[in-house]
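# Remarks on the overall topology
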Protein chains: 2
Amino acid sequence: MESKAKVLTADVPALRAPAPRSGTVKKTSSHGPDQPYEHHAHGPLEGFVPLYRRCDLSATCEITVYDQEYFQGKRMEFTSCCQNIMECGMENIRSLKVECGSWVGFEHSSFCGQQFVLEKGDYPRFEAYSGSNSLPHREDDLLQAHLLCCSHKESRMTIYEKENMVGRQFELCNDYPSLQAMGWMNNEVGSMHVQCGAFVCYQYPGYRGHQYIMECECHGGEYKCYRQFGSHAQTPQIQSIRRIQH
Amino acid sequence: MESKAKVLTADVPALRAPAPRSGTVKKTSSHGPDQPYEHHAHGPLEGFVPLYRRCDLSATCEITVYDQEYFQGKRMEFTSCCQNIMECGMENIRSLKVECGSWVGFEHSSFCGQQFVLEKGDYPRFEAYSGSNSLPHREDDLLQAHLLCCSHKESRMTIYEKENMVGRQFELCNDYPSLQAMGWMNNEVGSMHVQCGAFVCYQYPGYRGHQYIMECECHGGEYKCYRQFGSHAQTPQIQSIRRIQH
């Protein structure tokens with residue numbers, strides 16, 4: 001699996017400039033001399049990170065990242081996974097545009113740290129993909145952003161009251177801004193099993209707080225305790241869940 | 001319309017203690033001498049705030065608010081609107097539990113400032129309902145929280161490219177984590193008309209960033225320009241929309 005990436009010169013695009021639809025498609029299939037940098041990403045990394053998914057190469061995915069806020073500065077485009085943005089010659093990601101597909105960004109290298117689901121659209125600042133209304137606390141909050149491509153058409157999972165798929169259970173195949181509103185007994189989920197597709201689980205109701213991406217391709221879709229929810233999971237608190245749709 | 005509220009002694013409940021289901025129902029219908037404080041809220045305030053909705057008194061709504069994080073300190077319960085929490089004898093709201101129904105919290109008095117949709121569940125800290133992963137910047141961020149009850153069974157709205165319901169349009173009746181993924185042309189919505197129910201519009205994809213609550217009862221459901229989206233709206237940027245469901 002290789003990652004198509006190129007560095008473009010900083011052309012300081014206008015705020016909220018519409019994405020060049022036709023041009024974008026062309027770029028992903030052309031690799032002429034106008035592309036001074038092409039990065040070959042690492043291969044599959046199964047096993048050493050809790051949330052890894054192979055890119056579905058048949059699906060069209062494209063993301064453009066910038067090292068300055070509001071789509072300014074150095075720019076790179078990707079059509080498949082990027083394990084470490086710094087290895088691609090970019091110091092950090094301060095804004096990004098998802099042109100096609102759904103992606104997952106990671107706070108730290110090796111797909112660790114906080115996870116951010118990135119759906120099609122414009123993310124002009126840190127707050128746009130973190131959910132935070134404030135600037136990052138630490139200067140290095142964006143230094144280690146990593147991207148995975150995902151493409152699922154339907155999703156189904158079962159959540160369990162206790163660890164190791166024990167206790168009361170409920171099957172999910174939709175979006176749930178409040179698990180308690182649908183009858184779940186408390187603000188925690190002990191374990192879960194993703195039969196197909198992928199979901200984002202959130203710490204708080206209304207799709208807020210820490211995000212955990214759960215997918216059927218990751219260790220058989222089984223998340224036996226909250227420590228498997230993500231490297232940043234500190235409690236089993238989950239109060240809203242939605243599907244990641246392509 | 002009157003607001004049922006009472007101040008209970010601080011009993012320092014355990015973290016993530018399950019909400020007392022049966023007891024809660026009992027409290028809202030009993031008003032004996034064990035309730036030292038009962039507040040009568042202002043009546044309907046139609047017209048002077050952009051997002052006001054009459055409580056549907058036939059629906060069961062209940063919210064418990066605390067003046068300390070993690071459900072500690074002074075506690076009050078409401079079954080209908082509260083215009084100004086300070087007039088109820090509580091300095092601020094630092095955590096809350098939505099026991100029943102969906103609610104909207106406001107940052108400032110007169111239903112102004114940032115809006116927060118509050119669905120059933122536990123909100124132990126500011127970040128839980130703001131979406132911010134950091135503490136509030138200002139100490140007074142929580143001083144003016146206000147609550148509205150909502151109860152809608154179905155929702156339908158039309159979004160327009162330009163102000164005053166002009167330009168390309170799209171009808172919505174579902175949840176859309178990315179408007180652009182469904183074919184919307186850019187990251188902005190010029191105007192909108194809510195035919196029935198209520199929606200939350202978000203600045204960024206994936207239900208992130210500033211929230212704007214749009215409802216059919218508010219000035220005929222018509223939002224003719226972004227300045228009517230909410231008192232804190234500074235741009236027409238809207239990239240994800242979801243229904244508020246009861």
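Throughout this description, residue numbers start from 1 for each chain and increase along the sequence as written. The lettering of chains begins at A and the numbering of ligands begins at 1, in the order of writing. Local features in a predicted model are, by the rule used here, given only for residues with pLDDT of at least 70; side-chain atom pairs are given and counted only at 80 or more, and totals for whole chains, interfaces and linings are based on all residues. As a convention, hydrogens and water are excluded, and side-chain values are obtained from all of the structure's heavy atoms.

Note on contacts: a residue pair qualifies if any of its non-hydrogen atoms lie within 4.5 Å across the two residues. Each side of the interface is counted separately: chain B has 41 residues, and chain A has 42 residues. By buried area we mean how much accessible surface two parts lose on assembly, using a 1.4 Å probe and totalling the loss over both. Between chain B and chain A the total buried area reaches about 3,500 Å² when both faces are included, carbon and sulfur atoms providing 44% of it. By convention in these notes, a salt bridge is any Lys or Arg side-chain nitrogen within 4 Å of a carboxyl oxygen on Asp or Glu. At the junction of chain B with chain A, the criterion picks out zero salt bridges. We call two N or O atoms a polar contact when they sit within 3.5 Å, provided that within protein one can donate a hydrogen and the other can accept it, with sequence-adjacent residues counted only if both atoms are side-chain atoms. The interface formed by chain B and chain A includes 10 residue pairs in polar contact (both at pLDDT 80 or more). Contributions of two or more residues to the side of chain B that touches chain A are made by strand S6 (112-118), strand S7 (121-123), helix H2 (126-130), strand S12 (198-204) and strand S13 (208-215) of chain B. Strands here are runs of E lasting at least two residues and helices are runs of H or I lasting at least four, both read from the DSSP assignment and numbered beginning at the N terminus.

All names here are of chain A. The full count for this structure, using the stated rule, is 15 salt bridges over all chains. Glu119 is the partner of Arg242 in a salt bridge, and the nearest nitrogen-oxygen pair spans 2.7 Å. Remark: Glu119 occurs in the loop between strand S6 (112-118) and strand S7 (121-123) and Arg242 occurs in strand S15 (residues 240-243); sequence separation between them is 123 residues. No difference in accessibility class separates Arg242 from Glu119, as the two residues are buried. Linking Asp175 and Arg243 is a salt bridge whose minimum nitrogen-to-oxygen distance equals 3.0 Å. Linking Asp175 in the loop between strand S10 (166-172) and strand S11 (191-196) with Arg243 in strand S15, this pair joins segments that are 68 residues apart in sequence. The cut-offs for exposure are 20% and 50% of the maximum accessible area for each residue type, with area from a 1.4 Å probe on protein chains only; residues under the lower value are buried, those over the upper are exposed, and the others partly exposed.

Residues and elements named next belong to chain A. As used in this record, nonpolar core signifies buried Ala, Val, Leu, Ile, Met, Phe, Trp, Tyr and Cys residues forming a set joined through side-chain atoms within 4.5 Å. One finds Ile159, Met192, Phe229, Ile238 and Ile241 to be the most contacted residues of the largest nonpolar core, which totals 21 residues. Contributions of two or more residues to this core are made by strand S9 (156-162), S11, strand S12 (198-204) and strand S13 (208-215). Apart from residues lying up to four places away in sequence, Ile241 is in contact with Met157, Ile159, Leu172, Asn174, Asp175, Tyr176, Leu179, Phe199, Val200, Cys201 and Tyr207.

What follows deals with the sheet that holds S12(B). Residues and elements named next belong to chain B. Read from one edge to the other, the open sheet built from three strands follows the order S13-S12-S15, with strand pairing classed as antiparallel. Looking at which strands have only one partner, the edges of the open sheet turn out to be S13 and strand S15 (240-243). Strand-to-strand twist of the sheet, defined as the mean angle between neighbouring strand axes without regard to direction, takes the value 25°. The pairing criterion is simple: DSSP has to find at least two bridges between the two strands. Of the strand pairs in this sheet, S12 and S13 are connected by six bridges, and their pairing is antiparallel. Within S13, the position partnered with Ala198 by the bridge is Glu215. Axis definition: a line fit to C-alpha positions, over the contact stretch in the case of helices; interaxial angles, taken between N-to-C directions, run 0 to 180 degrees.

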